[in-house]
Structures are given as C-alpha cells and as structure tokens.
Amino acid sequence: MAGRRIRIAIIGVGNCASAVIQGLYYYSTNPEKEGLWHPVVGGYRVSDIEIAAAVDIDARKVGKDVSEAVFSEPNTFEKYFAIPKTGVVVERGLLEDELNPYLASTVKPLKRDRGSIVEYLRENRVDIAVNMISSGLDKSSLAYAEAAREAGASFVNTTPTSIATSPVETEKFGERGLIVVGDDLMSQLGGTALHRGLVAFLKSRGVKPVKSYQLDVGGGLETLNTMYEDLRDFKKQVKTSSIVEEVEEGWEVVSGTTDYVDFLGNNRTTYLQFSAKGFMGGDFTINVSLRSNDGVNAGNIILDVVRAMAKAREDGLSGNVREISNYGFKKTLERKRIAEATIIFESKYCR
Ligand SMILES: NC(=O)c1ccc[n+]([C@@H]2O[C@H](COP(=O)([O-])OP(=O)(O)OC[C@H]3O[C@@H](n4cnc5c(N)ncnc54)[C@H](O)[C@@H]3O)[C@@H](O)[C@H]2O)c1
C-alpha cells in the first residue's frame, strides 16, 4: 500500500544514523537533488519515511531531540543539512554487553531494561527498527531484535552480529509475519563493494585474479571500536568472505580494517592491491586507493532497504527477504555476485 508512512526507530544515533536522518530530510524536501540512488523503492519515496523513535546509550545524546543528537559528540559525520526539530527525543537504550576498553573510554552508558524498550517501540507504532549500534555488542543487538519482534516491528541489522543469518532468529521473525534483513551493511562504494566490483571486471576481461588485499584506515567511533583485537579479526573474516563470493577457487584474499586515525573523522581510506594472470601467465598488478565517507556510504543503502521492506511486507513476505539482504549487506545466507544482487533488487523494487 504505497502512500502509507514507514515509521522507523533509530537504534544507535551514531554516524550512520546522522547520514540517514540528514538524507531523509534533505531528499524529502529536495527529491530532485543528485546523489539519491533510487528515488522510488517499492512505490515509496524518501518522504514516506518518518522517524518514530530513537535510542542510544551515550549520555551526550540521550534526552536531546534527534535533530540535535546527530550532531553531538562523538559523532563526526559532517553537518550537510540542518534538520528541523523532529519532536523525537533520544531515549535510553539497552545494553547487555560489557563495553570493550575502546568503547568504554569514550561512552559513559545510560541504559534501561528490555521490557520498557518493547513498550517504547510499541507505543510509537514502529514498523521497522534499524539497528545501527556499535559492532561487537552481540547480546545487545540480539536483545533489540527480540524487542522489535515483541513490539511487532521488522528489523534491519547493520551490525555484523548474526541475526538475519541466524536460522533461529529469522524463523522467529517469520512466525510473527515480520521481516529481518542483514547482516553487516555493505557500503554503497566502500572497500568491499569496490573490491568485489574490480574482481568481476577482471573476470569479464578474461583475466584471472590470483591474490588481492585490502587495507583500511579510518576515524570515528566505530573504527576505534574495531581496534579491539577480537572484533577486528571477526570483521576481517566477514569482509573477506563477502569478497570471496565473487570468485572461484585458487584465489587468495585478505581484507580488513587496519588502523584508526583520529583526524580522519568519519572518512576512510582504503588501499587495494590485485595480482592477476593473463595471456601466457603474464602478470597484472593493480593498485587502487579509495577515499570515502562511512556515513555517505550508508545513506542510500539504508533508505533503500527500509522502503523495500515495507513493500515486501505488503506483499506478504516475512522472515529474511533474501533479495534485500543480498543487495544491502555483506554477510548473507545466500551467495550472490554483487552485480546480480543489485539487478535482482532493482527489478523487484525499483521499476
Ligand atoms: N558505512 C557504514 O557506516 C557501515 C558499513 C558497514 C557496517 N556498519 C555498521 O553500522 C553500525 C553503526 O556504524 P556507525 O559508523 O554509525 O557507528 P557509530 O560508532 O558512529 O555509532 C554507533 C552508535 O550506537 C550507540 N550505541 C552503542 N551501543 C548501544 C546500545 N546498546 N544501544 C543503543 N545505542 C548504542 C553509540 O553510542 C553510537 O551513538 C556499526 O555496527 C557498523 O559496523 C556501518
């Protein structure tokens, strides 16, 4: 039923959320401006999305209107667009994990219990909860998924915690007729997408990639958080297996966030190197560097995914809707090449 409003809850008012919220207001008032990948998804325009609720645990954000919280420390995503007062005040979130030392050094948590989050989401008639909390907080992300289900909301998981890729979790959403998509957002043009795209291009030219690596340097709270060794290894695994979806056997790939540089803010520099073999085994070496911004890279994908979910729900789909997960996320249940995943998504939702 296009024309209906899509009421979303922002779970984690960080840099991604700042991009999504600024983009939401910017393209709602300037729909013809450049940069919006898909103006209409599932029959919905960006102006059909509205912020119904928001939670965070950081004392610097809790209690502020969302329009102010997105520009509060430690967020570094630039102010592209002044947002009008939304009337949605950031409420305390839940926290069921211990913060690693990197997060604990910057965030002084304010929290509440799971039951009251369910009430909060329900009272605010949330259709879709968008989980954008710091990665590595697995118990908290799972608790938000449970709270969303109980409140009758579908769920987007931008974090690497296994939720949309967990058969148990997906089934629970499916039983309630709700949708879950994820896991771990794939940036529109981040290191993973570029890496995968270049592999596909080499193959389309009959050249065989044999080795490649990707090193990232970024700023922002999430990169600082990723300096925690266990999380860094885990994210490296997720990125590497996403890239591996593009190739056949016999290729070595390494990918991962490597370092935190405070003054980069929400920007990131990615270095890619490819070795490939061509005619008579001749060598090709390609070096590429990409300067990008994490928030900019998240905006289009999240706004697309939310609108596609609203349409999928109207069409009676539930559980993990794979064509949405394959389009927008790195860790998925199904192996799909990036170009194919995009074509399928666009053919279903963007006509
Ligand atoms: N392009 C991208 O930005 C991108 C790409 C892939 C994945 N992701 C994932 O998206 C998520 C958000 O990224 P970001 O750059 O906005 O991070 P961020 O660090 O800027 O923001 C995270 C926010 O979540 C809040 N938070 C932490 N624990 C919370 C809890 N238990 N409840 C409520 N709020 C909590 C933090 O206070 C902060 O405001 C991360 O998990 C990241 O891995 C982002």
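This one's a predicted model, so the numbers in the text were calculated from it and none came from an experiment.

Caption draft 1: Focus on the overall build of the protein. In terms of helices and strands, the protein carries 12 helices and 11 strands. Here the protein has a C-alpha radius of gyration of 20 Å; the compact-globule value for 351 residues is 20 Å, and the two agree. Taking the principal axes of its C-alpha atoms as reference, the protein extends roughly 65 × 45 × 40 Å. Contacts in the protein between residues at least 24 apart in sequence constitute 76% of all its contacts with a sequence separation of at least 6. Side chains of the protein carry 44 positive and 47 negative charges; the gap between the two charge centres is 2 Å.

Caption draft 2: Quick look at the site of the ligand. Of all residues adjacent to the ligand, which total 29 residues, the nearest are Asp56, Lys61, Leu94, Ile133 and Tyr144. Contact between the ligand and Leu94: a nitrogen atom at 2.7 Å from a main-chain N or O atom of the residue. Protein coverage of the free-state accessible area of the ligand, which is 840 Å², stands at 97%. At the level of elements, α1 (15-29), α5 (138-150), α8 (220-226) and α10 (294-314) are the ones that each hand at least two residues to the shell around the ligand. Here the shell around the ligand is composed, by residue class, of 12 nonpolar, nine polar and eight charged.

Caption draft 3: Looking closely at the domain arrangement of the protein. Looking at the assigned domains, one finds that the protein contains domain 1 (6-186 + 296-349) and domain 2 (191-293). The gap between the C-alpha centroids of domain 1 and domain 2 is 25 Å. Listed as interface residues are 26 residues of domain 1 and, on the opposing side, 26 residues of domain 2. In this structure, the connection of domain 1 to domain 2 is made through zero salt bridges. Here domain 1 is connected to domain 2 by 10 residue pairs in polar contact (both at pLDDT 80 or more). Listing elements by their share of the side of domain 1 that touches domain 2, those giving two or more residues are α3 (101-104) and α10.

Caption draft 4: Quick peek at the packing of helix α4 (residues 114-123) against α5. Between α4 and α5, the shortest axis-to-axis distance is 8 Å and the interhelical angle comes to 45 degrees. Classified by the interaxial angle, the pair formed by α4 and α5 is oblique. In the packing of α4 onto α5, the handedness of the crossing is right-handed. Contact residues: α4 offers Arg114, Ile117, Val118, Leu121 and Arg122, while α5 offers Ala143, Tyr144, Glu146, Ala147, Ala148 and Glu150. Residue composition of the contact of α4 with α5, by class: seven nonpolar, no polar and four charged.

Caption draft 5: Here's a closer look at α1. The first and last C-alpha atoms of α1 sit 21 Å apart over 15 residues, in line with the 21 Å expected at 1.5 Å per residue. Of the residues making up α1, those classed as buried are Asn15, Ala17, Ser18, Ala19, Val20, Ile21, Gln22, Gly23, Leu24 and Tyr27. Packing partners of the buried residues in α1 comprise β1 (6-11), β2 (49-56), α2 (66-69) and α10.

Caption draft 6: Representation of the environment of Thr161. One can find Thr161 in the loop between β5 (154-157) and α6 (167-175). In sequence terms Thr161 and Gly182 are 21 residues apart; their C-alpha atoms lie 9.0 Å from each other. Once residues within four sequence positions are removed from consideration, Thr161 is found in contact with Leu137, Asp138, Ser141, Leu142, Asp183 and Lys331. Here Asp138 takes part through its side chain, which lies 2.6 Å from a polar atom of the side chain of Thr161.

Caption draft 7: Looking closely at a nonpolar patch on the surface. A cluster of nonpolar side chains, Tyr213, Leu215, Val254 and Tyr271, forms an exposed patch at the surface whose accessible area comes to about 340 Å². For Tyr213, a relative accessible area of 34% corresponds to the partly exposed category.

Caption draft 8: Quick peek at the environment of Leu290. Secondary-structure assignment places Leu290 in strand β10 (residues 283-293). Separated by 18 residues in sequence, Leu290 and Leu272 place their C-alpha atoms 8.3 Å apart. Apart from residues no more than four positions distant in its own chain, Leu290 is found in contact with Leu189, Gly190, Gly191, Leu194, Arg268, Thr269 and Thr270.

Caption draft 9: Molecular detail of the nonpolar core. If you look at the biggest cluster of nonpolar residues, it comprises 78 residues, and the most contacted ones within it are Ile8, Ile10, Phe155, Val156, Val305, Val306 and Ile324. The contact partners of Val305, leaving out residues within four places of it in the chain, are Val156, Val181, Ile324, Tyr327, Gly328 and Phe329. Among the nonpolar cores identified, the runner-up in size contains 13 residues, and Leu194, Val207, Trp251 and Leu290 belong to it.

Caption draft 10: Structural view of the sheet that holds strand β8 (residues 252-260). Read from one edge to the other, the open sheet built from four strands follows the order β8-β7-β9-β10, with strand pairing classed as mixed. Looking at which strands have only one partner, the edges of the open sheet turn out to be β8 and β10. Across the sheet, the mean angle separating the axes of adjacent strands is 10 degrees when strand polarity is ignored. In this sheet, strand β9 (residues 267-277) lies alongside strand β7 (residues 208-218) in antiparallel orientation, the contact comprising 10 bridges. Each residue of the ladder has a partner; that of Gly218, found in β9, is Arg268.

Caption draft 11: The arrangement of the pattern of salt bridges in detail. What the rule picks out here adds up to 21 salt bridges. Between Glu96 and Arg114 there is a salt bridge; the shortest N-O distance is 2.8 Å. Taken together, the positions of Glu96 in the loop between β3 (91-92) and α3 and Arg114 in helix α4 put the pair 18 residues apart, joining distant regions of the chain. Since its relative accessible area comes to 30%, Glu96 is described here as partly exposed.

Calculation criteria
- Residues numbered from 1 in each chain as written.
- Predicted model: local features only at pLDDT ≥ 70, side-chain atom pairs only at ≥ 80, totals over all residues.
- Heavy atoms only, no water.
- Helix = DSSP H or I, 4+ residues; strand = E, 2+ residues; numbered from the N terminus.
- Rg over C-alpha atoms; globule rule 2.2 N^0.38 Å.
- Contact = heavy atoms within 4.5 Å.
- Lys, Arg positive; Asp, Glu negative; His and termini not counted.
- Charge placed at Lys NZ, Arg CZ, Asp CG, Glu CD.
- Near = heavy atom within 4 Å.
- Polar contact = N/O pair within 3.5 Å; in protein donor to acceptor, adjacent residues only side chain to side chain.
- Areas by Shrake-Rupley, 256 points an atom, 1.4 Å probe, with all protein chains shown as cover.
- Nonpolar A, V, L, I, M, F, W, Y, C, P; charged D, E, K, R; others polar.
- Domains from an automatic or database assignment.
- Salt bridge = Lys/Arg side-chain N within 4 Å of Asp/Glu carboxyl O.
- Axes fitted to C-alpha atoms, helices over the stretch in contact; angles between N-to-C directions.
- Parallel < 35°, antiparallel > 145°, perpendicular 65-115°, else oblique.
- Left-handed = near helix turned anticlockwise from the far one by under 90°.
- Expected span 1.5 Å × (residues − 1).
- Buried < 20%, exposed > 50% of the residue type's maximum accessible area, 1.4 Å probe, protein only.
- Patch = residues over 30% accessible without salt bridge, like charges linked within 9 Å, V, L, I, M, F, W, Y side chains within 5 Å.
- Core = buried A, V, L, I, M, F, W, Y, C linked by side-chain atoms within 4.5 Å.
- Pairing = 2+ DSSP bridges.

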